[in-house]
Amino acid sequence: MRALNYDVAIKTTMDFIKEKVGDAGANGVVVGISGGIDSATVAYLAVRALGKDRVMGLIMPYYKNRDVDDAKLVCESLGIEYELINIKPIVDEFEKAVGGLDTLSRGNVMSRTRMVLLYAHANARNYLVLGTSNRSEFLTGYFTKWGDGASDYAPLINLYKTEVWEIAKRLGVPEGIIQKKPSAGLWEGQTDEDELGISYRLLDEILWRLVDLKMEKGEIARELGVPVERVEYVEGLVKKSEHKRRLPIGPEF
């Protein structure tokens, strides 16, 4: 992977948060705290940048699991104000209105429900919404369009998942959160790497060479000692999700 100076990356990200909040004339930021490493890292960075009194956390489970306890741990460790909102009744009403949802569609509604709540709280307080997507998720489209992919600013958007792990360690994010398997928490037993079909460590090595260095697929495969089909698989994820990384477009006249 690239040689990243993590201390500089932390300072740059903190400065970015502080600058954008100042430019917007906002009173602070709200972060959806999932109990995972990305949202925890954003919350820790935001508190360092703005102070705990200008950061609010929203914990929005659909079902009770360990993630809720981890999310509370993040908020309480930082001393920030937080709210726990059970989104199941809201999602259930959407499902009734549609006449039933499959697992994936329900997961997307869950993600979009959370973003609606984040913006409602942000609007009420003159806060900005800080997103929690990292570069690995962004490039592969591993996010819900207009759900967790929506935010005012995304402090981790140019950091790969493996780099977020390193930054989290330096910020003092609880070890249990750093070590647990990444999950979007959309259904019981769901994990990111199972859904992506590849480990984050290999994914990041391929993405960095494919997207940033623009290396040939065969060269990437040889350098990493993996079949070229693995590289082609990642390339496919990037290409298929292109529409998720841009605003809607229409015909030109």
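Calculation notes
Residues numbered from 1 in each chain as written. Predicted model: local features only at pLDDT ≥ 70, side-chain atom pairs only at ≥ 80, totals over all residues. Heavy atoms only, no water. Helix = DSSP H or I, 4+ residues; strand = E, 2+ residues; numbered from the N terminus. Rg over C-alpha atoms; globule rule 2.2 N^0.38 Å. Buried < 20%, exposed > 50% of the residue type's maximum accessible area, 1.4 Å probe, protein only. Contact = heavy atoms within 4.5 Å. Areas by Shrake-Rupley, 256 points an atom, 1.4 Å probe, with all protein chains shown as cover. Pairing = 2+ DSSP bridges. Right-handed = clockwise from strand over helix to strand, strands pointing away. Expected span 1.5 Å × (residues − 1). Arc of directions from axis to C-beta. Axes fitted to C-alpha atoms, helices over the stretch in contact; angles between N-to-C directions. Phe/Tyr/Trp six-rings, centres within 6.5 Å; stacked < 30°, edge-to-face > 60°. Lys NZ or Arg CZ within 6 Å of the ring centre and 35° of its normal. Parallel < 35°, antiparallel > 145°, perpendicular 65-115°, else oblique. Left-handed = near helix turned anticlockwise from the far one by under 90°. Nonpolar A, V, L, I, M, F, W, Y, C, P; charged D, E, K, R; others polar.

### Some details on the overall build of the protein
Thought 1: Secondary structure summary: the protein contains 12 helices and 4 strands in total.
Thought 2: For 253 residues, the compact-globule estimate of 2.2 N^0.38 gives 18 Å, and the C-alpha radius of gyration of the protein, at 18 Å, lies within 12% of that figure.
Thought 3: In terms of principal-axis extent, the alpha carbons of the protein reach across some 50 × 50 × 50 Å.
Thought 4: Scored against the burial criterion, the 253 residues of the protein give a buried share of 49%.
Thought 5: Nonlocal contacts in the protein, meaning residues at least 24 apart in sequence, comprise 74% of its contacts between residues at least 6 apart.
Thought 6: If you sum the accessible surface of the protein, you get close to 12400 Å²; carbon and sulfur atoms cover 52% of it.

### Some points on the pairing of strand 4 (residues 127-130)
Thought 1: Here strand 4 shows no split at all, with Y127 and V129 on one side and L128 and L130 on the other all buried.
Thought 2: Two strands pair when backbone bridges link them, and strand 1 (residues 28-32) and strand 4 are joined in this way by 4 bridges, in the parallel orientation. What sits directly across from V31, in strand 4, is L130.

### Digging into the pairing of strand 1
Two faces, one strand: in a regular strand the side chains alternate between the faces of the sheet.
Thought 1: Taken across its 5 residues, strand 1 has 5 buried, putting it largely inside the fold.
Thought 2: Residues G28, V30 and G32 point to one face of strand 1 and V29 and V31 to the other, with burial holding for every one of them.
Thought 3: Read from strand 1 through helix 2 (residues 37-50) to strand 2 (residues 55-59), the crossover connection turns out right-handed.

### Brief notes about helix 12 (residues 228-240)
Thought 1: Across its 13 residues, helix 12 extends 18 Å between first and last C-alpha, which sits within 8% of the 18 Å expected from 1.5 Å per residue.
Thought 2: Within helix 12, the full set of buried residues consists of V231, V234, E235, L237 and V238. Angularly, the buried residues of helix 12 cover 155° about the axis, an arc narrow enough to put them on a single face. Looking at helix 12, the residues exposed on the side facing more than 90 degrees away from the buried face are E229, K239 and K240.

### Some details on the side chain of E163
Thought 1: Assignment of secondary structure puts E163 in helix 7 (residues 161-171).
Thought 2: E163 has contacts with M1, R2, L4, Y6 and N158, leaving out every residue within four places of it along the chain.

### Here's the deal with the sheet that holds strand 1
Paired through their backbone hydrogen bonds, the strands of a sheet run either parallel or antiparallel.
Thought 1: Strand order across the open sheet formed by 4 strands is 3-2-1-4, with parallel pairing between neighbours. Edge positions in the sheet fall to strand 3 (81-84) and strand 4, since each of these pairs with one other strand and no more. In this sheet, adjacent strand axes meet at a mean angle of 25° when their direction is disregarded.
Thought 2: This element, helix 2, spans strand 1, strand 2 and strand 4 of the sheet and lies at about 165° to strand 1.
Thought 3: The strands that helix 3 (residues 66-78) touches are strand 2 and strand 3; relative to strand 3, the one it contacts most, it runs at about 160°.

### Some points on the packing of aromatic side chains
Thought 1: With the rule as written, the count across this model stands at 3 aromatic pairs.
Thought 2: For K244, the ring lying beneath its charged end belongs to F143, and the centroid distance is 4.8 Å.

### Looking at the packing of helix 10 (residues 200-212) against helix 11 (residues 217-224)
Thought 1: Running from N to C, helix 10 and helix 11 cross one another at 140°; their axes reach a closest spacing of 10 Å. Considered as vectors, helix 10 and helix 11 are oriented oblique to each other. The handedness of the crossing between helix 10 and helix 11 is right-handed. Here L202, E205, I206, R209 and L210 of helix 10 lie close against helix 11, whose contacting residues are K217, I220, E223 and L224.
Thought 2: Residue composition of the contact of helix 10 with helix 11, grouped by class: 5 nonpolar, no polar and 4 charged.

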